[in-house]
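Listed below are the residues making up each chain.
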Amino acid sequence: MNSAMRTITLLLVLLASARAQTAVLFGGSGAVGSEVLTSLLNDSNFKEVILIGRKSYPKVDEILATKKADSKPNFTALTLPDLKDLDSFDEIDKADVCFIAVGIGDVNIVTFEYWHSIEVDLIGTIAKFCDKIHVRSLTLLSAIDVEYESAEPYSEEEIHAENQTPMGWVKSISRYYRMKGLEEKAAIANAKNVPHIRLFQPSTIVTEEYRYGWVDRTVFAFHAAFDPYIPTQYHSVDVRLLGMAMVADAEKILHSPVEQDASESILAKVTYADYINVAGEAFEKQYQPNRSEL
């Protein structure tokens, strides 16, 4: 390739990566997803943000109420009562990045079958949709120390064995890492043509409210005291920082040179040090948290 062709190729790559992007978000009403949505709506590098969910949520309405009507990016909310119907959903044919922040908060009060249907089956369906709309990067919210490589699928007998009995805390905790591993595996298997898959693996996520009562109070206090002494990857993370990092990380991918003839996805497990690296400075400027908040 001569120098003129190299220059033209480089210019095309730069133009492609510099253009405004389209983001698709699943799970925008949750603690983390709502922060991803907030960060996306404050990022002028995105021309459009599309939220796909089963219904409208007050939390999303609160976030949108702070957005100026004529400001970028444009926002579209698409309602799909059953997200399993994504296979036939054709209102989007192209996007640049998918964020998946779908999950069940109170896993102790649901059945094992339902938990599996959301964390594995639905995540796989969403990832397949993201693959279909040709995104360049897929970001999945997972958890610290999850290893999809060793996660063994549950048999149909195991999934349906407990009928409609809620699991309770003991069973849900004992099965948590295997289920999250299967969640990651489902995303990877169904997004085979997505160049980048980013597995965000935070430790304790600190929120302003105590969602789980005394458990949150105890865990947050522990991290406030001991984070300076434990390995960095296990540090607690402010939910606002996590949302900002997920967006900043995707933006970094989208603004990098386009992959040429990539035969398989580039997988990355993203943890606390990465959050600080891509969004720590911006977070400090915007929120200026003190140590007690973390």
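Above this text you will find the structure in question.
No experiment lies behind these values; they were computed from the predicted model shown.

1. Structural notes on unusual backbone geometry
Here's step 1: Here His134, not a glycine, exhibits a phi torsion of approximately 65 degrees, which is positive.
Here's step 2: Looking at the secondary structure, you find His134 in the loop between helix H4 (112-132) and strand E5 (137-141).
Here's step 3: In this structure, Asp145 is a non-glycine residue whose phi angle is positive, near 70 degrees.
Here's step 4: Looking at where Asp145 falls in the secondary structure, it is placed in the loop between E5 and helix H5 (156-160).

2. Considering H4
Three- or four-residue spacings in an α-helix give side chains the same orientation, since the helix completes a turn every 3.6 residues.
Here's step 1: Spanning 21 residues, H4 covers 29 Å between terminal C-alpha atoms, matching the ideal 30 Å at 1.5 Å per step.
Here's step 2: Of all the bends in H4, the greatest measures close to 30 degrees and is centred on Ile118.
Here's step 3: The buried count for H4 comes to 16 of 21 residues, which makes it a mostly enclosed element.
Here's step 4: Of the residues trailing H4, His134 is marked for its positive phi of about 65 degrees.

3. Considerations on the packing of aromatic side chains
Here's step 1: As enumerated under the stated definition, the model contains 10 aromatic pairs in all.
Here's step 2: Summarising the aromatic geometry, the rings of Phe26 and Phe129 are spaced 6.2 Å apart at their centres and angled 85 degrees between planes, so their arrangement reads as edge-to-face. In this pair, Phe26 sits in strand E1 (residues 21-26) while Phe129 sits in helix H4, placing the two residues 103 residues apart along the sequence. The exposure classification of Phe26 matches that of Phe129, with both residues buried.
Here's step 3: Judged by centre distance (6.4 Å) and plane angle (75 degrees), the ring pair of Phe112 and Trp115 falls under edge-to-face. Of this pair, Phe112 and Trp115 both sit in helix H4, 3 residues apart, which is roughly one turn of the helix.

4. Regarding the pattern of salt bridges
Here's step 1: On inspection of all chains with the given rule, the structure shows 8 salt bridges.
Here's step 2: Across the pair Lys180 and Glu119 runs a salt bridge, and its minimum N-O distance is 3.5 Å. Taken together, the positions of Lys180 in helix H6 (residues 168-190) and Glu119 in helix H4 put the pair 61 residues apart, joining distant regions of the chain. Glu119 matches Lys180 in its accessibility class, with the two residues each being buried.
Here's step 3: As a salt-bridge pair, Asp238 and Arg240 come within 2.8 Å of each other at their nearest N and O atoms.
Here's step 4: By relative accessible area, Asp238 is classed as buried at 5%.
Here's step 5: Several salt bridges share partner residues, and in doing so they unite Glu119, Lys180 and Glu183 into one network.

What counts, and where the lines are drawn
Residues numbered from 1 in each chain as written. Predicted model: local features only at pLDDT ≥ 70, side-chain atom pairs only at ≥ 80, totals over all residues. Heavy atoms only, no water. Helix = DSSP H or I, 4+ residues; strand = E, 2+ residues; numbered from the N terminus. Expected span 1.5 Å × (residues − 1). Bend = angle between axes of the 7 residues up to and from the residue. Buried < 20%, exposed > 50% of the residue type's maximum accessible area, 1.4 Å probe, protein only. Phe/Tyr/Trp six-rings, centres within 6.5 Å; stacked < 30°, edge-to-face > 60°. Salt bridge = Lys/Arg side-chain N within 4 Å of Asp/Glu carboxyl O.

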